[in-house]
Amino acid sequence: RSLRYRTQGNRESQKSRSDLPRRTHCLSSSASFEQPAPALPMATQHISPASKGTHSAAPRHLSRSGTALQHATAASAGQSGRVLIIGAAGAVGTALAREILRLRGPKSVIAVLRRTPLPDDLASGCVQEFGVDVRDADSVNAVFAKHAGTIECVWNLAAPLSVETAANPEVAEAVTVGGMRVLLEACAAHGVKKVCFSDSIGSFGHGSPRDGATARWLVEHPEHDPGSEYGRQKMRCRALLAEFAARVEGGDTRWAVIPGVLHPDPTWGAGTTEYALDVMLSAVEGRPVTLNVPPEVPLPMIHRDDLVRALVLLMDTPRHRLKEPTSGYAIAGFSFTANELVASLRTQHCPSLSVAPPPAGGVTGAAAELARAWPDSLDGAAAQRDLGFVPKHTLESTLREVCAAHAKRLAMQAKL
């Protein structure tokens, strides 16, 4: 089992998926699924900036990093502007709201919600607005009118996940694209200039870069078809953002290409990279695993804490420092295959973890097809340069935290 390394100067990312066959990376299926695998080399270990020379080789798993730029963020307790978050009750939304409150103080977040309230510890610090449907212009405009003159920035996190979108594309279109249109019209009507958007690795498809994918590539290839309704909806949202920035004086739109998000929460939605969360929980519970993604396909992931830190930096970095076209940035963490995840879990947490071998014809279904089309890794160089963002978490540290959280919950449930 050999790991492939590349230097920072390697431009393999310019090769398209149509040029290169999909690799079987690191572990063979038989090594991972038929018997517990021995410890892997520390392929995903974070290399500190100080230890990396200009020409040193870095594992594919790592985002390119170096010394972080020390940008002072605009987030401070003394700032009067509030941040309105659409989708504040989700896995990313709750964490983003919590971090903004930590930086700016109580009532600095307006959490726009349909029915699900925020956790008690978060609800007390936020301004919660219930009964708001991003598809309904009246309910959205009512929130903007109520808080007129206090909203500095809007974060749009509202969108079904990839597998959910594949199952019901019409509803996803109404929420993702229709909701973005409603939101931007409300911003224009109420004088809100800054809008931030959570894009996705789903914006890439066959023919896009395999390694080191960037937001810039998406801007420079507007004709690219992601091959899925999920990706096309993200593409249409970027077009709406660009139109808003062009027609609204002082319009300031920013967007982040987000990889799979790993977190210790007990529940999550139906996405593609969420397979990793399923596997971690199964390992702790001692349940066998059946994968819904090809076991040899790498996918970009990130710890939620790192992602939220990057999103705050994207929101707060002064506009003149954002050098990427349309202020889009790929937020890179680390990449791994399902084989590698299983091997790490067997080594560190659950030696007896049982995984069903993939079908003879390969894994099929929406998640499998999306995983094959998406990039193997993201290039975080632009986010490091302009935002000062360097990820702190590795696969190993993330597994320790997530598995410990699940184990703690199970132990508490056993006492009931």
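Residues numbered from 1 in each chain as written. Predicted model: local features only at pLDDT ≥ 70, side-chain atom pairs only at ≥ 80, totals over all residues. Heavy atoms only, no water.

A. Fine view of the overall build of the protein. The helix and strand inventory of the protein stands at 14 helices and twelve strands. Across the 416 residues that make up the protein, the buried fraction comes to 56%. Taken as a whole, the protein presents about 16,800 Å² of accessible surface, with 54% of it coming from carbon and sulfur. (Helix = DSSP H or I, 4+ residues; strand = E, 2+ residues; numbered from the N terminus. Buried < 20%, exposed > 50% of the residue type's maximum accessible area, 1.4 Å probe, protein only. Areas by Shrake-Rupley, 256 points an atom, 1.4 Å probe, with all protein chains shown as cover.)

B. Local environment of the packing of aromatic side chains. Under the defined criterion, the tally for this structure stands at three aromatic pairs. Plain terms: the ring middles of F204 and W217 are 6.1 Å apart, the flat faces sit at 35 degrees to each other, and that makes the pair tilted. With F204 in the loop between strand 7 (194–200) and helix 7 (215–220) and W217 in helix 7, this residue pair connects regions lying 13 residues apart in the sequence. Just as F204 is buried, W217 falls in that class too. (Phe/Tyr/Trp six-rings, centres within 6.5 Å; stacked < 30°, edge-to-face > 60°.)

C. The layout of surface pockets, seen in detail. Considered as a void within the structure, the largest pocket measures approximately 1,300 Å³ in volume. Lining the largest pocket are 48 residues, with G90, L157, A158, A159 and L161 sitting closest to its centre. Of all the secondary structure elements, the ones that give two or more residues to the lining of the largest pocket are helix 2 (91–104), helix 5 (162–167), helix 6 (169–189), strand 7, helix 8 (229–247) and strand 9 (260–262). Residues belonging to the lining of the largest pocket are distributed by class as follows: 25 nonpolar, 14 polar and nine charged. (1 Å grid on protein atoms, 1.4 Å probe; cavity = no way out; pocket = protein on both sides within 12 Å on 5 of 7 lines; lining within 4 Å. Points joined across faces, edges and corners; volume = space filled by probe spheres on them. Nonpolar A, V, L, I, M, F, W, Y, C, P; charged D, E, K, R; others polar.)

D. Structural view of the environment of R346. Here R346 lies in helix 11 (residues 338–348). Taking C-alpha positions, R346 is 8.3 Å from A283, a pair spaced 63 residues apart along the chain.

E. Broad picture of the packing of helix 2 against helix 10 (residues 304–316). Helix 10 packs onto helix 2 with a crossing angle of 60 degrees between their chain directions and a minimal axis gap of 9 Å. The orientation of helix 2 with respect to helix 10, classified from their angle, is oblique. The way helix 2 lies across helix 10 gives a crossing that is right-handed. Across the interface between the two elements, A91, V92, T94, A95, L96, E99, I100, L103 and R104 from helix 2 touch R304, L307, V308, L311, V312, M315 and D316 from helix 10. Split into classes, the residues belonging to the contact of helix 2 with helix 10 amount to eleven nonpolar, one polar and four charged. (Axes fitted to C-alpha atoms, helices over the stretch in contact; angles between N-to-C directions. Parallel < 35°, antiparallel > 145°, perpendicular 65-115°, else oblique. Left-handed = near helix turned anticlockwise from the far one by under 90°. Contact = heavy atoms within 4.5 Å.)

F. Geometry of the nonpolar core. Grouped together as the largest cluster of nonpolar side chains are 72 residues, with contacts concentrated most on L84, F144, V154, V257, Y275, F336 and L341. No other element matches helix 6, which puts eight residues into this core. (Core = buried A, V, L, I, M, F, W, Y, C linked by side-chain atoms within 4.5 Å.)

G. Fine view of the pattern of salt bridges. Summed over the entire model, instances satisfying the criterion amount to 24 salt bridges. Put simply, D199 and R238 hold a salt bridge, and the shortest N to O gap is 2.8 Å. Taken as a pair, D199 in strand 7 and R238 in helix 8 lie far apart in primary sequence, 39 residues in all. The class of R238 is buried, set by a relative accessible area of 14%. Note that D306 is salt-bridged to R309, the shortest N-O span being 2.9 Å. Remark: R309 and D306 occur in helix 10; sequence separation between them is three residues, near one turn of the helix. On the basis of relative accessibility, which here comes to 2%, the residue D306 falls in the buried class. Residue class for R309 comes out partly exposed when judged on its relative accessible area of 22%. A single network of salt bridges, built from pairs that share partners, joins E173, D225, E229, R232 and R236. (Salt bridge = Lys/Arg side-chain N within 4 Å of Asp/Glu carboxyl O.)

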